[in-house]
Amino acid sequence: MQNLIKKIIGVGTIVLVIILAFKYCQFKKDDDSSIDYNTNLIQQQILNVGKLVVTEGHFSEVITYKNQQKYLMNMISFEKKALIVVNANVTVAYDLHKMKYDIDEKNKTITILSIPKEEIKINPDIQFYDVEQSKLNPFTGDDYNKINKSVKANLAKKIEKSTLKTNAQNRLISELSKILIMTNSMGWKLQYNGKTIESESELNQDLKL
């Protein structure tokens, strides 16, 4: 009788061990599935953020261009001049497809490794008015190249003094904050430059480019 009881206890113990092992494996499987799900969700969100962020601006300016050609020891000169009206469309873009990042599943951390620098494109429309020139000093391709170069240089200065780049960066921060919101909601961390980012204000401060 005792042997029968021992056998029953032994069989029961084995069954219990098998059930516990099955439950443990099932729990581990669910945990791994959860990690995979979280990782896939994070990657999808980063892909959604990874787009071209473009901020547009418009600038205008009026330039007077003059040039003189002198002959006979500067006794005779031939001048050419023109009034130039410039209307330019300017874009400041961040191509977030180029953003580099790392996903650490074990520590539930997303690390932003690098953010692409802004790309500034200036497309000026240059119109000439009141053009004065002579056969001995006509407008040439060299003049147009100088004018175009001068126009872009002046526009670049205006862009630096304007709020266009700041507005573009604010849009960049807005896009990246979507990653921060997601990581916070899922219990993950977002890091940049060795620091954990916990709020949008920190994101704005630490991602100044």
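Up top you'll find the structure we're talking about.
The rules behind these values
- Residues numbered from 1 in each chain as written.
- Predicted model: local features only at pLDDT ≥ 70, side-chain atom pairs only at ≥ 80, totals over all residues.
- Heavy atoms only, no water.
- Helix = DSSP H or I, 4+ residues; strand = E, 2+ residues; numbered from the N terminus.
- Buried < 20%, exposed > 50% of the residue type's maximum accessible area, 1.4 Å probe, protein only.
- Areas by Shrake-Rupley, 256 points an atom, 1.4 Å probe, with all protein chains shown as cover.
- Contact = heavy atoms within 4.5 Å.
- Polar contact = N/O pair within 3.5 Å; in protein donor to acceptor, adjacent residues only side chain to side chain.
- Pairing = 2+ DSSP bridges.
- Salt bridge = Lys/Arg side-chain N within 4 Å of Asp/Glu carboxyl O.
- Patch = residues over 30% accessible without salt bridge, like charges linked within 9 Å, V, L, I, M, F, W, Y side chains within 5 Å.
- Core = buried A, V, L, I, M, F, W, Y, C linked by side-chain atoms within 4.5 Å.
- Phe/Tyr/Trp six-rings, centres within 6.5 Å; stacked < 30°, edge-to-face > 60°.

Asker: Got a sec to walk through the overall build of the protein? Specific residues and values, please.
Answerer: Scanning the protein from terminus to terminus reveals four helices and seven strands. Listing every helix and strand of the protein by position from the N terminus yields α-β-β-β-β-β-α-α-β-β-α. In the protein, which comprises 209 residues, the proportion classed as buried is 30%. When the accessible surface of the protein is split by element, carbon and sulfur atoms take 53% of a total near 14000 Å².

Asker: Go over the environment of Lys-98 with me, naming the residues and quoting the values.
Answerer: Tracing the backbone shows Lys-98 in the loop between strand 2 (76-95) and strand 3 (100-104). Separated by 18 residues in the primary sequence, Lys-98 and Pro-116 place their C-alpha atoms 6.1 Å from one another. The residues contacting Lys-98, other than those within four sequence positions of it, are Pro-116 and Glu-119. One polar contact links Lys-98 to Glu-119, side chain to side chain, over a distance of 3.3 Å.

Asker: Can you tell me about the pairing of strand 4 (residues 109-114), naming the residues and giving the values?
Answerer: In terms of strand pairing, strand 3 meets strand 4 through five bridges, oriented antiparallel. Within the sheet, the bridge partner assigned to Tyr-101 lies in strand 4 and is Ile-112. The loop that links strand 3 with its antiparallel partner strand 4 comprises four residues; one of these, Lys-108, has a positive phi angle of about 50 degrees. As paired strands, strand 4 and strand 6 (residues 189-192) are joined by four bridges and run parallel to one another. Bridging from a neighbouring strand, Thr-111 pairs with Gln-191 of strand 6.

Asker: So what about the pattern of salt bridges? Which residues, and what values?
Answerer: A complete count under the given rule lists eight salt bridges for this structure. The shortest N-O distance in the salt bridge between Lys-158 and Glu-61 comes to 3.8 Å. In this pair, Lys-158 sits in helix 2 (residues 141-161) while Glu-61 sits in strand 1 (residues 52-71), placing the two residues 97 residues apart along the sequence. Lys-165 is the partner of Glu-118 in a salt bridge, and the nearest nitrogen-oxygen pair spans 3.4 Å.

Asker: Any details on a nonpolar patch on the surface? Residues and values, ideally.
Answerer: Judged by side-chain polarity, Val-62, Leu-83 and Tyr-129 come together as a nonpolar surface patch covering roughly 270 Å² of accessible area. Note that Tyr-129 resides in strand 5 (residues 119-132).

Asker: So what's going on with the nonpolar core? Which residues, and what values?
Answerer: Formed by 40 residues in total, the largest nonpolar core has its most connected members in Ile-42, Ile-46, Ile-110, Leu-155, Leu-176, Ile-179 and Leu-190. When residues of this core are traced back to their parent elements, those giving at least two are helix 1 (2-49), strand 1, strand 2, strand 4, helix 2, helix 3 (164-186) and strand 6. Looking at this core element by element, the count peaks at nine residues for helix 3.

Asker: Could you give an account of the pairing of strand 6, with specific residues and numbers?
Answerer: With burial as the criterion, only one face of strand 6 is covered, namely that bearing Leu-190 and Tyr-192; the residues Lys-189 and Gln-191 on the opposite face remain uncovered. Here strand 6 folds back onto strand 7 (residues 195-197) in antiparallel fashion, the turn holding two residues, of which Asn-193 has a positive phi close to 55 degrees.

Asker: Outline the packing of aromatic side chains, supporting the account with residue identities and numerical values.
Answerer: Inspection of the entire model under this criterion finds four aromatic pairs. Look at Phe-128 and Tyr-144: their rings are 5.2 Å apart centre to centre, the planes differ by 85 degrees, and that puts the pair in the edge-to-face class. Of this pair, Phe-128 sits in strand 5 while Tyr-144 is found in helix 2, placing the two residues 16 residues apart along the sequence. A relative accessible area of 28% places Phe-128 in the partly exposed class. Relative accessible area serves as the criterion here: at 40%, Tyr-144 is assigned to the partly exposed category.

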